[in-house]
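Architecture and fold: a report
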Amino acid sequence: MTHPFRTSTAILALSLGMFGFVPAAMAETIVDFTVAEYSSKTGPFFQEVADAFQAENPDIKINIEVVPWDTLLQRLTTDVAGGSAPDISIIGTRWLLDFASQGVAEPVDSYLTPEFKSTFIDTFMAPGVIDGKTMGLPVAASARAMLVNKDLYDKAGATPPKTWDEFYEASKKLAALPDTFAFGLQGKEIETDAYFYYSLWTHGGDILKADGTSGLDSPEALEAATLYKRMIDEGLTQPSPTNYTREDIFNLFKQGKVGTVFTFPMLIPQIKAEAPDLHYEVLPFPEGKAKATYGVTDTMMMFADSDAKAEAWKFIEFAYKDEWREKFDMGEGFLPVTRNVAALDHFTKDPDVAGFAAGLPYAKFAPIIANWEEIADVTVRTMQQIYLGEVSADEGLKAAAAEINKIRGL
Amino acid sequence: MANRIQKSVPMMMILPGLALAIAIIGYPIFDLGWTSMHDVSRFGKLTGFNGGENFAEVFVDPLFWESLWRTGIWTVAVVGGTLAISMPVAMILNDDFHGRGVARVIIMLPWAISLTMTAVVWRWALNGRAGLLNATLMNAGIIDQPIEWLATASTAFVVEILVGILVSIPFTTTILLGGLSSMPQDAYEAAVVDGASGWHQFRYITLPLMKPFINIAIVLNVIYVFNSLPIIWVMTEGGPANGTDILVTYLYKLAFRFGQLGKAAAISLVMFFVLLAFTMLYVALVSRNDRDDAAPEEEVKE
């Protein structure tokens with residue numbers, strides 16, 4: 001698990017240096033920053049921040065590396081294992097526990113001045129606190145919501161639903177339209193489990209019960225899964241959900257072929273750019289026994305073995321200035337994690353953003369537990385088996401719960 | 001004495017190369033073995049010796065056995081299919097015809113594209129609603145409803161095998177073409193004079209003379225295909241419901257998603273030994289056959 005690229009770059013640099021091609025070394029500190037790629041705007045945005053920072057701090061060089069989300073965890077794993085970890089990185093908060101428990105993440109409490117801390121919204125700070133120590137700062141936040149195609153609803157004579165019963169009835173009307181799928185149901189790859197949690201939570205269930213065991217064998221989970229399965233069987237979803245990733249579902253929605261999808265705020269800028277004529281509305285998830293949405297945060301983390309912590313922190317504080325945060329949140333379509341940006345007109349008055357932000361008071365976060373990725377994978381596999389009809393919802397969920405409890409050591 | 005030195009000189013001369021090979025091949029395997037007997041943190045730090053615990057975990061894991069079985073099907077189907085197609089393709093390309101150069105380039109072209117890119121393109125082409133394949137089939141009137149190729153494991157796996165065959169053809173054709181062009185023409189001429197049909201020429205001249213080339217194509221392809229991650233990973237990530245997982249995709253998930261490097265190391269080691277056993281067995285079989293074939297000739301000489 002070495003880094004051929006870095007090694008070869010080093011050799012190249014060395015040989016160039018020997019021939020005198022490299023300008024005289026400046027006394028500068030290099031801060032390596034691994035950036036998760038949210039969209040094509042992410043890399044250029046952080047480069048702009050870095051350039052502005054370097055203009056003010058010529059002795060610090062910010063070395064930005066943009067890595068796609070799909071390979072980010074693998075990349076960081078190999079970097080850490082190979083002893084070439086960056087100084088700071090954006091990570092999924094769900095990985096933070098692993099990083100923290102292995103001593104890879106640096107607690108930032110000693111760097112965090114009270115005034116800097118007060119710029120953040122507390123709800124989003126909380127998931128980064130592990131055993132009383134702040135292991136990272138929220139860098140991006142989103143809540144999920146339901147998106148309906150208003151034209152299709154009008155055409156079908158359906159009203160956007162507030163409860164699951166209404167959702168089911170409305171879907172039946174929508175499905176009767178030609179060349180239209182009522183409900184876009186994700187069944188492939190990343191976040192297939194999240195699509196189920198939306199239903200699980202609003203039916204009153206939870207990922208883990210109060211005693212820490214899996215909540216998948218609860219009656220609420222069965223109700224949630226049965227509803228999805230019934231909608232597949234009755235032709236209320238697109239056919240064969242297991243062939244549709246999140247992006248595939250969203251593409252169908254942009255094409256105006258799907259009445260309802262569950263989504264994150266980042267879809268809105270995409271719709272505005274790619275399907276400007278689409279009439280949509282952002283609404284809360286249908287309710288069963290509870291109101292819920294999925295809150296997801298990403299974390300800015302500092303690595304424990306960084307040798308440029310002070311410089312890295314200086315850059316972090318710079319990057320959290322309001323002007324940058326505003327640009328980032330607007331560009332990517334995130335919900336703000338800092339108070340000042342959250343107070344901006346765009347985030348309080350825009351109906352789309354407000355629609356997503358409305359769920360924050362009752363948002364649920366993924367539990368911060370060990371082996372989360374594996375537990376999520378068990379859930380994904382089970383949902384796929386249920387959607388495909390390989391197991392009954394009842395059997396599948398019970399087996400999944402047992403497997404998750406075993407992974408949890410319970 | 002001098003004789004002994006003379007004898008040891010060649011040994012001495014290959015020693016540095018041998019040592020290098022052992023270091024380069026041997027060390028990672030040793031490291032893998034060492035890792036597989038430890039508890040490993042998700043960042044590769046060994047946190048304690050646990051003997052065969054990783055292996056025990058692997059061997060009771062039903063997903064491991066399912067993946068192993070599927071790896072067998074995958075390897076046999078892809079390598080078998082590749083050979084079955086490459087052989088006639090190579091023979092056609094070996095014949096002199098107008099535009100042969102262009103035809104050869106077309107066959108070799110997929111080789112120039114990385115496996116991952118090919119897989120990405122196929123993933124798009126196979127998309128149920130927006131994919132080119134369904135659009136083509138529907139336009140041609142072959143199907144009237146789009147087929148969701150990757151929605152169920154059974155169709156997805158077959159499609160993946162076909163793509164696997166497609167990308168293995170250029171390499172295999174090259175090997176076979178090399179063999180065919182070194183074939184002695186007089187044997188064919190003699191056969192034609194004796195009235196041998198095309199099939200007979202193939203069965204009794206081409207095939208036996210091509211054996212060494214076919215064997216090398218089999219061994220190399222088995223090694224590549226057995227270990228090949230990109231096609232399956234890009235198209236289905238081993239899903240749905242782990243239905244297209246082969247050992248290497250399962251291993252990748254374990255190592256880089258779940259952070260279970262110890263268990264992943266154990267599976268890698270198992271994979272290494274499976275391949276080693278196959279290669280040794282195959283080479284042994286082939287050389288025994290060769291000896292059997294060669295034996296009568298030697299008798300004649302005596």
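Residues numbered from 1 in each chain as written. Chains lettered and ligands numbered in written order. Predicted model: local features only at pLDDT ≥ 70, side-chain atom pairs only at ≥ 80, totals over all residues. Heavy atoms only, no water.

**Notes on the overall build of chain B**
Check the secondary structure of chain B and you find 12 helices and 2 strands. Starting at the N terminus and walking to the C terminus, you meet the elements of chain B as α-β-β-α-α-α-α-α-α-α-α-α-α-α. Here chain B has a C-alpha radius of gyration of 24 Å; the compact-globule value for 302 residues is 19 Å, and the former is much larger. Referenced to the eigenvectors of the C-alpha coordinate spread, the extents of chain B come out at roughly 80 × 70 × 30 Å. Scored against the burial criterion, the 302 residues of chain B give a buried share of 43%. A separation of at least 24 residues holds for 64% of the contacts in chain B among residues at least 6 apart in sequence. Roughly 16600 Å² of accessible area belongs to chain B as shown, and the carbon and sulfur atoms make up 70% of that amount. Here chain B holds 17 positive side-chain charges and 23 negative ones, and the gap between their average locations is 7 Å. (Helix = DSSP H or I, 4+ residues; strand = E, 2+ residues; numbered from the N terminus. Rg over C-alpha atoms; globule rule 2.2 N^0.38 Å. Buried < 20%, exposed > 50% of the residue type's maximum accessible area, 1.4 Å probe, protein only. Contact = heavy atoms within 4.5 Å. Areas by Shrake-Rupley, 256 points an atom, 1.4 Å probe, with all protein chains shown as cover. Lys, Arg positive; Asp, Glu negative; His and termini not counted. Charge placed at Lys NZ, Arg CZ, Asp CG, Glu CD.)

**Description of the sheet that holds strand β9 (residues 258-263) of chain A**
Residue and element names in this part refer to chain A. One open sheet accounts for 4 strands, arranged β8-β9-β7-β10; its pairing is mixed. Here the strands that pair on one side only, and so sit at the sheet edges, are β8 (181-183) and β10 (280-283). Put simply, the sheet's adjacent strands are angled 25° from each other on average, direction ignored. Pairing of strand β7 (residues 145-149) with β9 involves 4 bridges; the strand directions are antiparallel. The partner of Ala-145 across the bridge, within β9, is Thr-263. Together, β7, β8, β9 and β10 form the strand contacts of helix α11 (residues 246-254), whose direction differs from that of β9 by roughly 140°. Each of β7, β9 and β10 touches helix α12 (residues 267-274); the most contacted strand, β10, lies at about 175° to it. (Pairing = 2+ DSSP bridges. Axes fitted to C-alpha atoms, helices over the stretch in contact; angles between N-to-C directions.)

**Observations regarding the domain arrangement of chain A**
As a measure of interface size, the accessible area lost when the parts come together is often cited. Residues and elements named next belong to chain A. Entries for chain A in the domain assignment read domain 1 (25-142 + 296-365) and domain 2 (144-293 + 368-407). The distance between the C-alpha centroids of domain 1 and domain 2 comes to 29 Å. Listed as interface residues are 19 residues of domain 1 and, on the opposing side, 22 residues of domain 2. Between domain 1 and domain 2 lies a buried interface of about 2000 Å² when both sides are counted; carbon and sulfur atoms form 65% of it. By the criterion of area lost to domain 2, the three top residues of domain 1 are Phe-356, Tyr-362 and Lys-364, representing 36% of everything that side buries. (Domains from an automatic or database assignment. Buried area = accessible area lost by both parts, 1.4 Å probe.)

**Here's the deal with the interface of chain B and chain A**
Across the contact, 29 residues belong to chain B and 29 residues belong to chain A. Linking chain B with chain A are 2 salt bridges, by the criterion used here. Ionic pairing is found between Asp-98 of chain A and Arg-42 of chain B, a salt bridge with its closest N-O pair at 3.0 Å. Here chain B and chain A share 12 residue pairs in polar contact (both at pLDDT 80 or more) between them. Among the secondary structure elements, those contributing two or more residues to the side of chain B that touches chain A are α10 (230-236) and α11 (247-257) of chain B. Top contributing element to the side of chain B that touches chain A by residue count: α11 of chain B, with 4 residues. For the side of chain B that touches chain A, the residue count by class is 13 nonpolar, 8 polar and 8 charged. (Salt bridge = Lys/Arg side-chain N within 4 Å of Asp/Glu carboxyl O. Polar contact = N/O pair within 3.5 Å; in protein donor to acceptor, adjacent residues only side chain to side chain. Nonpolar A, V, L, I, M, F, W, Y, C, P; charged D, E, K, R; others polar.)

**A look at the environment of Gln-74 of chain A**
Summarising the element assignment, Gln-74 of chain A is placed in helix α3 (residues 69-81). Taking C-alpha positions, Gln-74 of chain A is 24 Å from Glu-403 of chain A, a pair spaced 329 residues apart along the chain.

**What to know about the side chain of Thr-244 of chain B**
Residue and element names in this part refer to chain B. With respect to the element layout, Thr-244 can be found in the loop between α10 and α11. Within the structure, Thr-244 has its side chain in polar contact with the backbone oxygen of Gly-239 (distance 2.8 Å). Leave out the neighbours within four places in its chain, and Thr-244 touches Arg-70, Ala-153, Ala-156, Phe-157, Glu-160, Ile-232, Thr-236, Gly-238 and Gly-239.

**With respect to the packing of helix α10 (residues 219-233) of chain A against helix α18 (residues 372-388) of chain A**
How two helices pack is summed up by the angle between their axes together with the distance between the axes. Residues and elements named next belong to chain A. Following both chains from N to C, one finds α10 and α18 inclined at 40°, their axes separated by 9 Å at the closest point. Taken together, the axes of α10 and α18 are oblique relative to one another. When the axes of α10 and α18 are compared, the crossing they make is right-handed. Here Ala-225, Tyr-228, Lys-229 and Ile-232 of α10 lie close against α18, whose contacting residues are Met-383, Ile-386, Tyr-387 and Leu-388. Taken together, the residues of the contact of α10 with α18 sort by class into 7 nonpolar, no polar and 1 charged. (Parallel < 35°, antiparallel > 145°, perpendicular 65-115°, else oblique. Left-handed = near helix turned anticlockwise from the far one by under 90°.)

**A short note on the UniProt feature "domain: ABC transmembrane type-1" (unreviewed entry) in chain B**
Here the UniProt-annotated "domain: ABC transmembrane type-1" (unreviewed entry) positions come out as residues 68-282 of chain B. Span residues 68-282 of chain B is 75% helix and 0% strand, its end C-alpha atoms 19 Å apart. (UniProt positions renumbered as here; feature names shortened; annotations may be inferred.)

**Let's talk about the pairing of strand β2 (residues 60-68) of chain A**
Where strand β1 (residues 29-37) of chain A and β2 of chain A come together, 9 bridges link them in parallel fashion. From the neighbouring strand, Thr-29 of chain A faces β2 of chain A, where its bridge partner is Ile-60 of chain A.

**Structural notes on a negative patch on the surface**
Where like charges cluster on the molecular surface, the negative patch consists of Glu-56, Asp-322, Glu-323 and Glu-326 of chain A. Tallying contributions element by element places helix α14 (residues 322-332) of chain A first for the negative patch, with 3 residues. (Patch = residues over 30% accessible without salt bridge, like charges linked within 9 Å, V, L, I, M, F, W, Y side chains within 5 Å.)

**Quick word on α11 of chain B**
One turn of an α-helix holds 3.6 residues; hence residues three or four places apart share an orientation. Taken across its 11 residues, α11 of chain B has 10 buried, putting it largely inside the fold. For α11 of chain B, every residue scored as buried is listed here: Leu-247, Val-248, Thr-249, Tyr-250, Leu-251, Tyr-252, Lys-253, Leu-254, Ala-255 and Phe-256 of chain B.

**Description of the UniProt feature "transmembrane region" (unreviewed entry) in chain B**
Residues and elements named next belong to chain B. As recorded in UniProt, the sites labelled "transmembrane region" (unreviewed entry) are residues 12-30, 72-93, 105-125, 156-177, 213-235 and 264-285. Annotation note: span residues 105-125, helix share 71%, strand share 0%, distance between end C-alpha atoms 23 Å. Secondary structure content for residues 156-177 is 100% helix and 0% strand, while the C-alpha to C-alpha distance between its ends is 32 Å.

**Describing unusual backbone geometry**
Across the chain, the bulk of peptide bonds are trans and the bulk of non-glycine residues have phi less than zero. The amide bond that connects Gly-239 of chain B to the next residue, Pro-240 of chain B, takes the cis arrangement and shows omega of -5°. Here Pro-240 of chain B lies in the loop between α10 and α11. Positive phi outside glycine occurs at Asp-179 of chain A, with the angle close to 55°. Tracing the sequence through the fold places Asp-179 of chain A in the loop between α8 (164-175) and β8.

**Considering the packing of aromatic side chains**
Residues and elements named next belong to chain A. Across all of its chains, the model carries 54 aromatic pairs over all chains by this definition. Relative to Phe-303, the ring of Phe-99 has its centre 6.4 Å away and its plane inclined at 80°; by these criteria the two rings are edge-to-face. Taken together, the residues Phe-99 in helix α4 (residues 96-101) and Phe-303 in the loop between β11 (293-302) and α13 (309-319) connect sequence positions 204 residues apart. With respect to burial, Phe-99 and Phe-303 carry one shared label: buried. Centroid distance Tyr-197 to Trp-372: 6.3 Å. Interplanar angle 40°. Geometry classified as tilted. In this pair, Tyr-197 is assigned in helix α9 (residues 192-202) and Trp-372 in helix α18, connecting sequence segments 175 residues apart. Relative accessible area serves as the criterion here: at 1%, Tyr-197 is assigned to the buried category. You can call Trp-372 buried: its relative accessible area is 4%. Seen from the ring of Tyr-168, Arg-230 lies directly overhead, with NZ or CZ sitting 4.3 Å from the centre. (Phe/Tyr/Trp six-rings, centres within 6.5 Å; stacked < 30°, edge-to-face > 60°. Lys NZ or Arg CZ within 6 Å of the ring centre and 35° of its normal.)

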